[in-house]
Structure formats: structure tokens, C-alpha cells
Amino acid sequence: MKTVTTLVALRTETERLRQGGSLALVPTMGALHEGHLTLVRKARSQADHVAVSIFVNPKQFGPNEDLDAYPRQLARDSELLEAEGVALLWAPTPGEMYPAGYATSISVEGVSAGLCGADRPGHFDGVATVVCKLFNQVRPDMAFFGEKDWQQLAVIRRMARDLDLLFPPADAIYGVPIVREGDGLAMSSRNAYLSVEQRKQATALPASMRRAIAALAKGAGVPGVLEQLTGDILAAGFDSVDYAELRDAESLAPPGPASGNLRLFVAARIGGTRLIDNMPLA
């Protein structure tokens, strides 16, 4: 595996790889876990070569969020990626990604509204900006993202479609299903923040969501189910629930007469950690 930290070196290496076949990109912020490695394996099954980016993007963190505390373990991550057969690791510095005088931001309307967009102002502008840059830098044939960040995936697909990026977004931006721990908790780099007791309590999040979905399938009313869901999460030891909502899986609009598939979205805080999850109703 080749590791590069400058755009000049990146373009040399990606050009070399493209001469030998298709190139997939897996964008990450590092602190890799089995969820990330599942993305890598899926990418390897679809492309001749896989590039992974590791960049803790300051533009998607708010002023009171965990940018400074976010885990950074590049040496360990590099070993994991090399063992998975990754061809190229792109690990730019903040100065390489956003040089002095940088002044451009991308905002995607519609799918970025509500849910995490309401609780984290500017977050999805930062996501769209850095992913657009990564697509332009690496010029992949396809890219892979985890479905745990379902709203993020919707933002990226909308951006790629609107800006006519290098590949057909409907076909080549892959969403990979959530990878969960044995007790059901969605894998996340932020799980490392949880104390032993908080980690036990955190299992109530997916368990409560499954109960809510079962109640909805039996015909229970949506408002009552969502109220019960919120109460169950708080009773389990969470400090607050940012949202517990049903949304259309494609448009992320609130459900209406024309809604197709629905998903349940939840964000909740335990201690200083914010956890998110989503599940389909069907």
C-alpha cells in the first residue's frame, strides 16, 4: 500500500492505478473499525483497486463538537488497510485540503434539512465540501459509504447528481448496510468515548427502535410510538434525544400520502457522546 499526503503525489498514484483498471474510493475520518473495513471489502469486490482517504474534516464539526478529541490513530489504521489489500491511502493535512485563503463551500438543500441538519448547523455543508474535493482529487470510478450516516449518503448523492461529478451517482455511489456489534449497537468511532456503563446502556437505542418498528407494524399510531420510543431511550440512561422521526427513505421528507419506503431515524446523547441510528420499517 502506498501512502500519500500531498496532491501532487496523489495524482501521480491515482493515474498509475487507473491505468491498471477501475478505482474505488472509501472516504473515512480514520479510527477504523469493522464497519469501515466492510466498506473496503465491498469496494474490493467491485473495483480493481481501492483508495481510502483518512481526513478528520474540520469543516463538518461545530464550535462545541469533538474535533480536537476525535480519535486519530493513523499508524494502526494503515496496518488495517494494508492487511485488507488497499492500494492507496490518501492522508492529507488540513493545510493540504484547505490551503491558505480557502473560501469555497457547498450547500445541498432539501435532504440536508431536519434530522442531523437541524441539530448540527453547517455540518452537511462541511461534508458536501470535503467529499466533492475528494471526488475531484481521487477521480474514482465508484465510492462507498456506510448507511449508518443515511442522511449524509443522501446529501452526497444529491450533490454528485447536481454537480455532474465524474460518475453516475445512482449506480456508482454505494451505500453499505450498517455493521452492528453483537448486541445490536451500530459500529461507530465515537463508541470509543463511552464508559463501560454507558456502553451497556447504549444497547437500548437499537433495542428501543426495534420495538417501535414492531409496534408500527401492528398498526400503532405514529405519534404515540415515537413518544414511547423517546421515553424508553431516556429511561435507559440517555441524557437527551435530539430526534426520533419517521422519514421517507429517498427524499428524507416527513411521511406523506405519496411516501414509499419509510425509515426510523434517531439521535440521542449519553454523557458527552452523540449516537445516531436508522432502520427501515419493512
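Residues numbered from 1 in each chain as written. Predicted model: local features only at pLDDT ≥ 70, side-chain atom pairs only at ≥ 80, totals over all residues. Heavy atoms only, no water.

Attention now goes to the overall build of the protein chain. Along its length, the protein chain carries 11 helices and nine strands. In terms of C-alpha radius of gyration, the protein chain reaches 19 Å, essentially the compact-globule figure of 19 Å for 282 residues. Overall, the protein chain is about 55 × 45 × 40 Å in size when its C-alpha atoms are taken along their principal axes. By the burial criterion, 50% of the 282 residues in the protein chain qualify as buried. Across the protein chain, the fraction of contacts at a sequence separation of at least 24, relative to all contacts at a separation of at least 6, is 72%. When the accessible surface of the protein chain is split by element, carbon and sulfur atoms take 51% of a total near 12800 Å². Taken as two groups, the 28 positive and 32 negative side-chain charges of the protein chain have centres that lie 2 Å from each other. (Helix = DSSP H or I, 4+ residues; strand = E, 2+ residues; numbered from the N terminus. Rg over C-alpha atoms; globule rule 2.2 N^0.38 Å. Buried < 20%, exposed > 50% of the residue type's maximum accessible area, 1.4 Å probe, protein only. Contact = heavy atoms within 4.5 Å. Areas by Shrake-Rupley, 256 points an atom, 1.4 Å probe, with all protein chains shown as cover. Lys, Arg positive; Asp, Glu negative; His and termini not counted. Charge placed at Lys NZ, Arg CZ, Asp CG, Glu CD.)

This part is about the side chain of Arg120. Within the secondary structure, Arg120 sits in the loop between α5 (116–119) and α6 (123–138). A polar contact of 3.4 Å, which involves the side chain of Arg120, links it to the backbone oxygen of Gln60. Apart from the residues within four sequence positions on either side, Arg120 is in contact with Gln60, Glu65, Arg190 and Arg274. (Polar contact = N/O pair within 3.5 Å; in protein donor to acceptor, adjacent residues only side chain to side chain.)

On to the sheet that holds strand β7 (residues 240–248). Strand order in this open sheet of three strands is β7-β8-β9, and the pairing throughout is antiparallel. Of all the strands in the sheet, the pair left with one neighbour each is β7 and β9 (273–280). Put simply, the sheet's adjacent strands are angled 10° from each other on average, direction ignored. Pairing of strand β8 (residues 262–270) with β9 involves eight bridges; the strand directions are antiparallel. Residue Phe265 lies in a different strand from β9, and its bridge partner there is Asn278. Its contacts with the sheet put helix α10 (residues 204–217) on β7, β8 and β9, and the angle it makes with β9 is roughly 30°. (Pairing = 2+ DSSP bridges. Axes fitted to C-alpha atoms, helices over the stretch in contact; angles between N-to-C directions.)

All right, on to the UniProt feature "binding site: (R)-pantoate" (unreviewed entry) in the protein chain then. This chain's UniProt record puts "binding site: (R)-pantoate" (unreviewed entry) on Gln60 and Gln152. Of the residues just listed, which span 93 residues, no C-alpha pair is farther apart than 11.1 Å, and they cluster in one region. Position of Gln60 relative to the elements: it lies in the loop between β3 (49–54) and α3 (74–83). When neighbours within four sequence positions are excluded, Gln60 is seen to be in contact with Met29, Glu65, Arg120, His123, Gly126, Val127 and Val130. Within polar-contact distance, the side chain of Gln60 engages the side chain of Asn57 at 3.0 Å. Of the residues examined, Gln152 reaches a relative accessible area of 17% and is grouped as buried. Non-local contacts of Gln152, meaning those with residues more than four positions away in its chain, are made with Phe124, Val127 and Phe145. (UniProt positions renumbered as here; feature names shortened; annotations may be inferred.)

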